[in-house]
Amino acid sequence: MAGAAARLVNLAWVLHLLTGYVSCISITVIENPVYAVLGESCYLWVNATLTPQAEIQWIFGSTSEVVVLRFPDIEPAYPVEYAKRAELYTNNGTLRLDEVRLGDQGKYTLSVKGFSGTLPVTSSATIDLVVLDDTIPINISANPVKDGYLDGQDSLSLACTPETPQSNLSFSWMVDGIPLVVEGLYNLSADQSVLVISPVHRSDDNKSFNCRVQNQSSVGNSQPFRLQIYYLLDITMPSTLVKTTSGGDLQLDCPVSANPPASRNWTKGLESFVTSEQNKYQLLPNGSLLIKNLTPVDSGFYGCEARNVAGRRFKGLTLLVQSYPDLVAESCGVDYVLISCIAVTAALLLLSLSFNVYYCLRKKAVTSKPPHPESSEGVTRMPQAGDTRSLGPTLPPRLGHHEKPYSDLIPPTNDYETLQMWKEGSSSKDRVNPPMKTKKGKTRGGK
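Read on for an overview of the structure.

Rules and cut-offs
- Starting afresh in each chain, residues are numbered from 1 along the sequence in its written order.
- Totals for whole chains, interfaces and linings use all residues, but because this is a predicted model, local features are given only for residues with pLDDT of at least 70 and pairs of side-chain atoms are given and counted only at 80 or more.
- Computation of side-chain values covers all heavy atoms of the structure but excludes hydrogens and water.
- Nine residue types can take part in a nonpolar core, namely buried Ala, Val, Leu, Ile, Met, Phe, Trp, Tyr and Cys, and a core is a set of them joined through side-chain atoms within 4.5 Å.
- Only protein chains enter the accessibility calculation, which uses a 1.4 Å probe. A residue is then buried if its area is under 20% of the maximum for its type, exposed if over 50%, and partly exposed in between.
- Secondary structure follows DSSP: runs of H or I at least 4 residues long count as helices, runs of E at least 2 residues long count as strands, and numbering of each begins at the N terminus.
- Pairing between two strands requires that DSSP report at least two bridges joining them.
- Note on method: axes are straight lines fitted to C-alpha atoms, helices fitted across the in-contact stretch only, with angles between N-to-C directions ranging 0 to 180 degrees.
- Disulfides are defined as cysteine sulfur pairs within 2.5 Å.
- Whenever a carboxyl oxygen of Asp or Glu lies within 4 Å of a side-chain nitrogen of Lys or Arg, that contact is scored as a salt bridge.

## A word on the nonpolar core
Among the nonpolar cores identified, the biggest contains 29 residues, and Leu44, Trp58, Val66, Tyr108 and Leu129 are the most heavily contacted of them. If one sorts the elements of this core by residue count, strand β10 (residues 119-134) sits on top with five residues. Core analysis: the second largest hydrophobic core is formed by 22 residues, Ala142, Tyr149, Tyr186 and Ile197 among them.

## Details of the sheet that holds strand β23 (residues 250-252)
Read from one edge of the open sheet, three strands run β23-β28-β27, paired in antiparallel fashion. Edge strands, defined here as strands with exactly one partner in the open sheet, are β23 and β27 (281-283). On average, each strand axis in the sheet is inclined to that of its neighbour by 25 degrees, with strand direction left out of account. Judged from the three bridges that link them, β23 and strand β28 (residues 289-291) form a sheet pairing that is antiparallel. Residue pairing across strands places Leu250 opposite Ile291, the latter belonging to β28.

## Here we look at the state of the cysteines
Taken as a whole and assessed by the stated rule, the structure comprises two disulfides. Between Cys160 and Cys211 runs a disulfide, and the two sulfur atoms are separated by 1.7 Å. In this structure the cystine formed by Cys160 and Cys211 twists about its S-S bond by roughly -90 degrees; its chirality is therefore left-handed. With a gap of 51 residues between them, Cys160 in strand β13 (residues 156-162) and Cys211 in strand β18 (residues 208-214) connect regions that are remote in the sequence. The partner cysteine of Cys254 in its disulfide is Cys304, sulfur to sulfur 2.0 Å. Across the S-S bond linking Cys254 and Cys304, the dihedral sits near -90 degrees, which makes this disulfide left-handed. Taken together, the residues Cys254 in the loop between β23 and β24 (258-259) and Cys304 in strand β29 (residues 300-308) connect sequence positions 50 residues apart. For Cys304, a relative accessible area of 0% gives the class buried. Sequence-ordered numbering of the disulfide-bonded cysteines in the protein gives the connectivity 1-2, 3-4.

## Quick look at the pattern of salt bridges
The tally for this structure, following the rule as stated, stands at 12 salt bridges. With its nearest N and O atoms 3.2 Å apart, the salt bridge here joins Arg96 to Asp98. Here Arg96 and Asp98 have matching classes, each one buried. Taking the shortest distance from any N to any O, the salt bridge between Glu305 and Arg307 comes out at 3.2 Å.

## Let's talk about the sheet that holds strand β21 (residues 229-232)
Here three strands make up an open sheet; going across it, the order is β12-β21-β24 and the pairing mixed. One side of each edge strand has no neighbouring strand; the edge strands of this open sheet are β12 (149-150) and β24.

See below:
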């Protein structure tokens, strides 16, 4: 069973190779017959999927070789007659003929050879070429007639009309020399004489549309109709936030794709400003804004407005011009305003502390100076007998219930010698009741 299964797998693989190589060199003819105008170029359109080792050969009639490409050659080989007016497209096998002659009319055969293992596999296709004399003058008329059409808004119809009535005409359209594919925005009338584009798109801007008519004996080609599309796309600024340092110049770009070219106007905040070479702001030819000698005052919101016949677009950015302290604060991850507030607060605290220390030292120096006994300047008045006023900071602020009142501590005399004896007493009792002199020189009281 295992051997039979292996043989079936091998057989399936061989069949896959054979069918795969055959499908790889299949040829599809795009147009047959091909009508060519005398003296112009024509294409024998095919779509052949080719293997890497395929051999491509075009033959005119039965024996006349036009071009051949054999593996492992890279460049096709042309006979002398076709060397300067034939070209082979190696990606799909299409043949182009330039300067078509009457003798070029006839049958052309494309032959493609490949290999499946050692077995050759061949595929071929035939196209008839008809050479026509350009005798039918035709024109293309547009409706509506405008210098340009607005992108995504306007619609346009192109009519292909012979100058003289003709019968049995067939119409075809080309865009930039390539046959028109009817899809998307393109639509053709029943006889294909009218091409409708609805709405027009900016991708068709500056494209050339041609109309061709032909019958069994003649052909006509119109002059190209070049389409102009007016459009204005969104402004694509690189960034909406620009950070830079003061002192240099800065260019703010305002790129926009537009037809016709858009004019630019710059604003700072909500106000427009005049730009010139003499001022700080200069508008460059490409619409960019040049700011000279940057300072932090230049920080703010800048807006660019672009205008043309297709409309207007606006976009803005924020400019932040930083000085050196700002950069240091930002690199530390701390806001510069917060740092400034902390520094000012610390300075005020230091100033207040210095003032308090100075005041305390000054007060101590004044109060510690002893008064002169004979000088009345700077000397506190001596307490008198019976004076109950407080002596100041040298006395206790308040008395307990067991302590004597202040009046007991006041010496009952103003005699200097008695006062000195009272101050130098050894006990509080002596201070309360000091010895007193009488008129006769005797002492009274005391111990």
